[in-house]
Amino acid sequence: PNSFEYHVLPRSQIPMASRTLIIGAAGAVGKELSRALKNAGSVIIAADRHEHLPSSIKGVASVLVGGVDVRDERAVSALIREHACPKTTVWNLAAPLSVETALSPGVAEAVTVKGMRNVLSAMSAVGCRRICFTDSIGSFGAEAPRHGVKASWLVANPGQDPGSDYGRQKRAVREMLSDFELSGGDPRFAVLPGVIHTQPVWGNGTTEYALDAIRAAASGKPFACPIDPDVVLPMIFVDDLMRGLVSLQFAKKSELREPQRGYNIPGLSFTANQLFHEIRQHVPGFETYQNINPDMNKFAKLWPSTLSAEEPLRDLEYEPLVSLPRMVAHVLNSHSARRLSNRAAFRSIDAGETGRIDAAALAKYVRKYLVTGRETQGFRITRHELVDKFVRKALPEMDADQDGRVTLDDFMKWSSKNSAEKRIQDLVDDFVATALPEMDVDNDGFVSLDDFMKWSWNNEVENRVDDFLVQKLKVQASSF
């Protein structure tokens, strides 16, 4: 399989008994779950379909495996054979959101259903038993209770019509998990409401309207509400969600009394109008208007308003803590801080206050603020050879309106999803991903000091081995 793997810790130092393999680690939930489980004491193996995982994952995972598509049976089998054992917990987070599924149901089914089938098959082959899956409020159809619905209702009503391909695919996964349990597995599923977080980007789902609204308010822009503003939907702030998911993973099997070990992870419920009211406590001039999205509005009216909190409190000792005012304030502050930082970055680059960025100004900024004195991967990389590549790639992307210049508006749009710091780090990551296999001159799975010196000489690289690397003599190259 065409995958890329990098070890932060040497393989021999990774304890098998406390491993968690997260598939879909680069997604919104995956990033936060990696961090939460690392803080809870688990060693994280982060896998994703993207070849190079984001820097936020690299700071918490012991092993990074990119280029793994769950639809590829061979790739999934290799991943789990290499990194799982009977005591490993696997989280399969690879699944499109509700609107994405409605737009491309065939692709979504291949990822969600076939992907889980590949994961369970590979787990069975190595005797790995515990699999955790994030289900959704989208699994509940018109027959489900609107208030206080339990996760067990899904198990007790397998024939109910969830009213969408999204819900039907989730049901198919639960059926596979039930079969896996009969063969000795320990499957667990969490029913998630809409997830509210502080990250700058997210997928295309129904409850994501709330994220769009808060970002619009932070940007001083009006918001087009895509759903009925008086429909109540369950949501959860990401900090609460992480507490619930960690509790589900680490709970003893004997403590989980719900059918198929399925639990709601409840948060808080509100309407769009209630959200807008709370936003206006901080942004009084926030304007909204209606622009109904048929798919999103259909799902919003179909799904339950509130989730039962009794079972997770009883068995997981979990209850939500974050209120609507606290959640809105936290997310607004995060977006506002990000915008202030981006503005400061623009002014730093545009030192001549011309109101635009050109190649010379950007190169000067990168060299001065992002290159000198940085270290990564155990040896020094000054990155000067990467600056020109960064400028050539980033400048056209920043010019959003393609008028040949980068204005403040152009830069703000670009920086809402990017940063110069991150792009330089990504280039360094690309450099490392390319260089590590080449450094292993004798192909023994390790990069020795001799290997590294031969490689750097032949490639005319200015970097030299750091004192730490000299003492350790070799850096883990892993398998590629």
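In what follows, the accompanying structure is described. (Residues numbered from 1 in each chain as written. Predicted model: local features only at pLDDT ≥ 70, side-chain atom pairs only at ≥ 80, totals over all residues. Heavy atoms only, no water.)

1. Thoughts on the nonpolar core
Convention followed: Only buried residues count toward a nonpolar core. Its members are Ala, Val, Leu, Ile, Met, Phe, Trp, Tyr and Cys residues joined through side-chain atoms within 4.5 Å. Think of it in three bands: with a 1.4 Å probe and only protein chains considered, a residue is buried below 20% of the maximum accessible area for its type, exposed above 50%, and partly exposed in between. Numbering of helices and strands runs from the N terminus; a helix is a DSSP stretch of H or I covering at least four residues, while a strand is a stretch of E covering at least two. A contact between two residues is defined here by any heavy atoms of the two lying within 4.5 Å.
Of all hydrophobic cores here, the largest spans 107 residues; its most connected members are Tyr209, Leu245 and Leu275. If you tally residues by element for this core, the top one is helix 8 (residues 209–218), at 8 residues. When near neighbours in sequence (up to four residues on either side) are disregarded, leucine 275 contacts Tyr209, Ala210, Ala213, Ile214, Phe270, Leu324 and Val328.

2. Some words on the pairing of strand 4 (residues 63–66)
The cut-off we apply is this: Strand pairing requires that DSSP identify at least two bridges connecting the strands.
Residues Val63 and Val65 of strand 4 are buried on one face, and the alternating residues Leu64 and Gly66, pointing to the opposite face, are buried as well. Bridge analysis of strand 3 (residues 43–47) against strand 4 gives 3 bridges, and the strand direction is parallel. Counterpart to alanine 47 in the pairing with strand 4 is valine 65.

3. As for the sheet that holds strand 10 (residues 233–237)
Adjacent strands of a sheet form backbone hydrogen bonds with each other and so pair up, either parallel or antiparallel. Stated precisely, the cut-off is as follows: Only the contacting stretch of a helix is used when fitting its axis, a line to C-alpha atoms as for every element, and angles between N-to-C directions run 0 to 180 degrees.
Spatially, 8-10-12 is the arrangement adopted by the 3 strands of the open sheet, whose pairing is mixed. Each edge of the open sheet carries a strand with a single partner, namely strand 8 (194–196) and strand 12 (268–270). Taking the axes of each pair of neighbouring strands and ignoring which way they run, one obtains an average angle of 40° across the sheet. Bridge analysis of strand 8 against strand 10 gives 3 bridges, and the strand direction is parallel. Looking at strand 10, one finds that glycine 194 is bridged to methionine 235. Helix 9 (residues 238–250) contacts strand 8 and strand 10 of the sheet and is inclined by roughly 85° relative to strand 10.

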